[in-house]
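# Summary of structural features
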Protein chains: 2
Amino acid sequence: MVEREIDRWVPGDITPKELADASRHLILAGGKRLRPCLVLTACEAVGGRAEDAIEAAAAIEMLHNFTLIHDDIMDRDEFRRNVKTVHTIWGEAMAIIAGDALFSRVFSAMTENARRLGLSGRRTAELLSAVSEASFEVCRGQAMDMLFEGRLDVTEDEYMEMVSGKTGALTDVSAKVGGILGGGSRSQVSALSAYGRLLGMAFQIQDDVLGLIGREEKFGKPVGSDIREGKKTLVVIRALSTAGEGERRTILRALGRRNASRSEVAAAIGVLRKIGAVDYASERARELVENAKARLRALPQSTPRSILEKLADFVIRREF
Amino acid sequence: MVEREIDRWVPGDITPKELADASRHLILAGGKRLRPCLVLTACEAVGGRAEDAIEAAAAIEMLHNFTLIHDDIMDRDEFRRNVKTVHTIWGEAMAIIAGDALFSRVFSAMTENARRLGLSGRRTAELLSAVSEASFEVCRGQAMDMLFEGRLDVTEDEYMEMVSGKTGALTDVSAKVGGILGGGSRSQVSALSAYGRLLGMAFQIQDDVLGLIGREEKFGKPVGSDIREGKKTLVVIRALSTAGEGERRTILRALGRRNASRSEVAAAIGVLRKIGAVDYASERARELVENAKARLRALPQSTPRSILEKLADFVIRREF
């Protein structure tokens, strides 16, 4: 259902053709569709039907893909989902427009969902502003993430604030709009929103871990690229604050050095594991997931609720 | 009023600070504020009060500035409004995010306007989808404009389609949302929309003319940069289809050559003037403006209507 809906909003016959291809490339390459899944399941968890939130589910996936296309330009990443990134194929200029185009479709799809359900002005505004505010938070988080690359003294609190915006805001709004469209009560919608936020933060921490110790062909992008880019992941922040002097030197020989050798990167990752920084991050992700699941207790027990619980577990068990 | 409103949506205390500065830079550098003016005057022209459309006016100006920030990255332009472009100061990555952030604020401001007026679900959706559809059209127009750079056989019809999206869609939606928020009838809103579309197309043609024969310090960006970038402006398209062989050679020595000398660019511009291509474009812009003004006859005669007429004249008389 979601695939068909996305295809309706970003069809192959957009002119010019290059824009159609560039906008669709990453979406067609796959992805877990975790966020649309959150939208539809959250909708069902408050008693709605999945069909009632289908445009929103597509909208959120388009929003997600828009941020990925722009992030890949900024991070100069060449692979994602095991395919070349948009700017690597079509150039930066077209990749910027492709992202912008997807972003604009988000609001068309979202508005159409509200209109189809005949929502009131108040509910329509609530829905749309939830999405635009989340988008703004994502931008702020992304800017922080980028600025952190130039620093070695990022604190765990700063990291949590960044990740709450960069990743948490989008999973938060996914669950939230599902709840709104499903006709959830104020307290149900706010529980879903909190669940989504915590789940997203756990997701990002796990993503950072997989970027270090994952299997490349499963994960879909080169292991260790975060290290070369100087990303201040929770693992790295923990390591920098606990490593001995020699270990720190080994980390810094690869961290933020775009032309660090494979063995230098491997040595840095070895240290991150050895001193327990990877385990530390995994444990933080696990706590966030427990916390997320606890928020779901505000909802009636049901199959969709238990799917949301399992989604939370999946976020930290996944290898891709 | 508009300045204060924009400041409310993109305040100086956004964190991180770099994102606040980068997002505000171009807005604070000035600009004509033509589009907010269209929004407010269109609102009044159907009997509304300007205050009723103030968030929308700010939203449209933010939307405009978002497209400029991204366009400047794509075109590698270094100056606009007589100041350095965002990416020239903060780098491409931050400029991409700054544009995205402005774009997200557009929908927050727009939604807030609908909510404040207590619009129905139907009207709220109409408003929001008008803005998101226009944004998508702008992306398509921008993509076409970019792809045209690599071609020498762009037709006048293709140019008109491109410019209708790249510039016309935004002035169209400016007048349209003003009309909707002012409570205009269906036929009034559609007249305003047509007026805005034609005015925007005239605006772009005049902009292209000023980019060739304008006074640099007034216009705010280097004269002739469109030539070096290989932009297929109406002037260039007309010239390529009417120039003799020697004249064509002079044009092609500068067109699309980033390191063409000042004298090569000046010679090309000389040819464009001499063979009447500049006059031809100015005449097309004048016709579009007459056409735009004719659409206003669907509205009752009033001061705001006559301001809209004068705005149309301004578009082709301006030197900046």
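Residues numbered from 1 in each chain as written. Chains lettered and ligands numbered in written order. Predicted model: local features only at pLDDT ≥ 70, side-chain atom pairs only at ≥ 80, totals over all residues. Heavy atoms only, no water.

## Details of the pattern of salt bridges
Residue and element names in this part refer to chain B. Scanning the entire structure with this criterion turns up 61 salt bridges over all chains. Arg33 is the salt-bridge partner of Glu3, the closest N and O atoms lying 2.7 Å from each other. Placement of the pair is Glu3 in helix H1 (residues 2-9) and Arg33 in the loop between helix H2 (17-28) and helix H3 (34-45), with a sequence separation of 30 residues. Assessed through its relative accessible area of 44%, Glu3 is described here as partly exposed. The salt bridge partner of Asp207 is Arg318, with a shortest N-O separation of 3.0 Å. Here Asp207, found in helix H9 (residues 186-213), pairs with Arg318, found in the segment after helix H16 (303-317); they are 111 residues apart in sequence, far enough to count as distant. Arg318 carries the same exposure label as Asp207, and that label is buried. (Salt bridge = Lys/Arg side-chain N within 4 Å of Asp/Glu carboxyl O. Helix = DSSP H or I, 4+ residues; strand = E, 2+ residues; numbered from the N terminus. Buried < 20%, exposed > 50% of the residue type's maximum accessible area, 1.4 Å probe, protein only.)

## Describing the relation of the copies chain B and chain A
Between the two copies, chain B and chain A, the superposition gives an RMSD of 0.0 Å; the rotation angle is 180 degrees and the shift along the axis is 0.0 Å. Such a turn and shift between the copies fits a two-fold axis. The rotation axis passes nearest to the C-alpha of Gly121(B) in chain B, at a distance of 1.8 Å. The overlap is high: 100% of the interface residues of chain B also sit at the interface in chain A, so the same surface is used on both sides. (Least-squares fit on C-alpha atoms with pLDDT ≥ 70 in both. Contact = heavy atoms within 4.5 Å.)

## Let's talk about the environment of Tyr159(A)
Residues and elements named next belong to chain A. Here Tyr159 is to be found in helix H8 (residues 156-181). When its relative accessible area of 0% is taken as the criterion, Tyr159 is described as buried. Along the backbone, Tyr159 and Ile237 are 78 residues apart, and their C-alpha atoms lie at a distance of 8.3 Å. With sequence-adjacent residues up to four places away left out, Tyr159 is seen in contact with Phe148, Val154, Gln204, Ile205, Asp208, Lys232, Thr233, Leu234 and Ile237.

## Here we look at the interface of chain B and chain A
Each partner contributes residues to the interface: chain B has 43 residues there, and chain A has 43 residues. Regarding the contact of chain B and chain A, the summed buried area is about 3600 Å², with carbon and sulfur atoms giving 74% of it. Connecting chain B to chain A are two salt bridges. Residue Arg105(B) is joined to Glu133(A) by a salt bridge in which the shortest nitrogen-to-oxygen separation is 3.0 Å. One can count 10 residue pairs in polar contact (both at pLDDT 80 or more) joining chain B with chain A. Elements that contribute at least two residues to the side of chain B that touches chain A include exactly H2, helix H4 (54-75), helix H6 (92-116) and helix H7 (121-148) of chain B. Of the residues forming the side of chain B that touches chain A, the biggest block, 17 residues, is contributed by H7(B). A class-by-class count of the residues in the side of chain B that touches chain A yields 22 nonpolar, 12 polar and nine charged. (Buried area = accessible area lost by both parts, 1.4 Å probe. Polar contact = N/O pair within 3.5 Å; in protein donor to acceptor, adjacent residues only side chain to side chain. Nonpolar A, V, L, I, M, F, W, Y, C, P; charged D, E, K, R; others polar.)

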